[in-house]
Each structure stands twice: as structure tokens, then as C-alpha cells.
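Listed here are the chains, written in short residue letters.
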Amino acid sequence: QVQLVESGGGLVQPGGSLRLSCETSGIIFRRTAMGWYRQAPGKERELVATITASSITRWVTYADSVKGRFTVSRDDAKNTLYLQMNSLKPDDTAVYYCNSTPPLSTGIWGQGTQVTVSS
């Protein structure tokens, strides 16, 4: 049974930082390209960061809106994906999800973790 459990969200002031975690089970994590997605109120879900599965060379990509501020990483031994978010802006407010890239064909998503950036 596939499970994706996101955590680490919260309320933070503009300019602050948060580190999100995503614990996975039921997938061969080390062989799976992963990504962080987010969905803001009234908007469609968007992909913000990706990381490949290769243990030799790790390739990462970022949406232009988060480039230079967010860092995606993974710990294959813990089956866990991370997102370090710095210099947060109000526009980063959203529910953040992790999933494979592309998303699992089963349509499974976790519950997400709410990030709110506000003074």
C-alpha cells in the first residue's frame, strides 16, 4: 500500500524558512524520481521542484518562482524527500504535496502540509 506523508508546514513570516519532509512507503523510493507540488487556494496544483532517482548523478529542477530559494533533496535510506524553503514569500502560501514525477498512476496523494507565509 502506497503512502505519502508530508510534514513540516506551518505559519511563517515573510523572509522566514521551513523544511518540509515526505515519508514514503509502498514504492521503490530509490528508483523513483520525486517532486514537490503545491496548490494555492483557487489555483491548480503546480510542480515546484523535482529530483531524479539516479544514485550516481542527481538532477534537480525548480519552478522559476522558487529557483534560488528552495532546495529539494532526498534520503534513500529513509525513503524520505525534503524541501528546504528559504526567503519565503506570501505567494508561497499553499498546501504542499510530494509525489513521483510524473505523479503515481494510481492517483494516490498524501494529505499535504499547509504552508502559510504571513506577517
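Fair warning: this is a prediction, and the values are worked out from it, not measured in the lab.

Participant: Sorry if this is basic, but what is going on with the pattern of salt bridges here?
Facilitator: Pairing between side chains of opposite charge can happen when the charged atoms of each approach one another. Counted according to the given criterion, the structure contains 6 salt bridges. Among the ionic pairs, Arg38 bridges to Asp92, the shortest N-O distance being 2.9 Å. Taken together, the residues Arg38 in strand β4 (residues 34–39) and Asp92 in the loop between β8 (80–85) and β9 (94–100) connect sequence positions 54 residues apart. Arg38 sits in the buried class, given a relative accessible area of 6%. Taking the shortest distance from any N to any O, the salt bridge between Arg58 and Asp76 comes out at 2.8 Å. Placement of Arg58 in the loop between β5 (46–51) and β6 (60–62) and of Asp76 in the loop between β7 (70–75) and β8 is noted, with a sequence separation of 18 residues between them.

Participant: How should the pairing of strand β3 (residues 18–25) be read in this particular structure?
Facilitator: In the case of a regular strand, side chains alternate between the two sheet surfaces. Across 5 bridges, the pairing between strand β1 (residues 3–7) and β3 is antiparallel. Each residue of the ladder has a partner; that of Val5, found in β3, is Glu23.

Participant: Please explain the packing of aromatic side chains as it appears in this structure.
Facilitator: For any pair of aromatic rings, the description consists of the separation of the ring centres together with the inter-plane angle of the planes. Considering all chains together, one arrives at 2 aromatic pairs under this definition. Where Tyr37 meets Trp109, the ring centres are 5.0 Å apart and the plane angle is 80°; that geometry is what we call edge-to-face. On the criterion of sequence distance, the pair formed by Tyr37 in strand β4 and Trp109 in the loop between β9 and β10 (113–117) is long-range, its members being 72 residues apart. Summarising the aromatic geometry, the rings of Tyr97 and Trp109 are spaced 5.9 Å apart at their centres and angled 80° between planes, so their arrangement reads as edge-to-face. Of the two residues, Tyr97 is situated in strand β9 and Trp109 in the loop between β9 and β10; the sequence distance between them amounts to 12 residues. Trp109 gets classed as partly exposed once you look at its relative accessible area, which sits at 28%. Put simply, the rings of Tyr37, Tyr97 and Trp109 pair up and form one aromatic cluster. One Lys or Arg, Arg19, reaches over the ring of Tyr82 and ends 4.0 Å from the middle of that ring. One residue, Arg74, lies across the ring of Phe29, its end atom 4.4 Å from the ring centre.

The rules behind each value
Residues numbered from 1 in each chain as written. Predicted model: local features only at pLDDT ≥ 70, side-chain atom pairs only at ≥ 80, totals over all residues. Heavy atoms only, no water. Salt bridge = Lys/Arg side-chain N within 4 Å of Asp/Glu carboxyl O. Helix = DSSP H or I, 4+ residues; strand = E, 2+ residues; numbered from the N terminus. Buried < 20%, exposed > 50% of the residue type's maximum accessible area, 1.4 Å probe, protein only. Pairing = 2+ DSSP bridges. Phe/Tyr/Trp six-rings, centres within 6.5 Å; stacked < 30°, edge-to-face > 60°. Lys NZ or Arg CZ within 6 Å of the ring centre and 35° of its normal.

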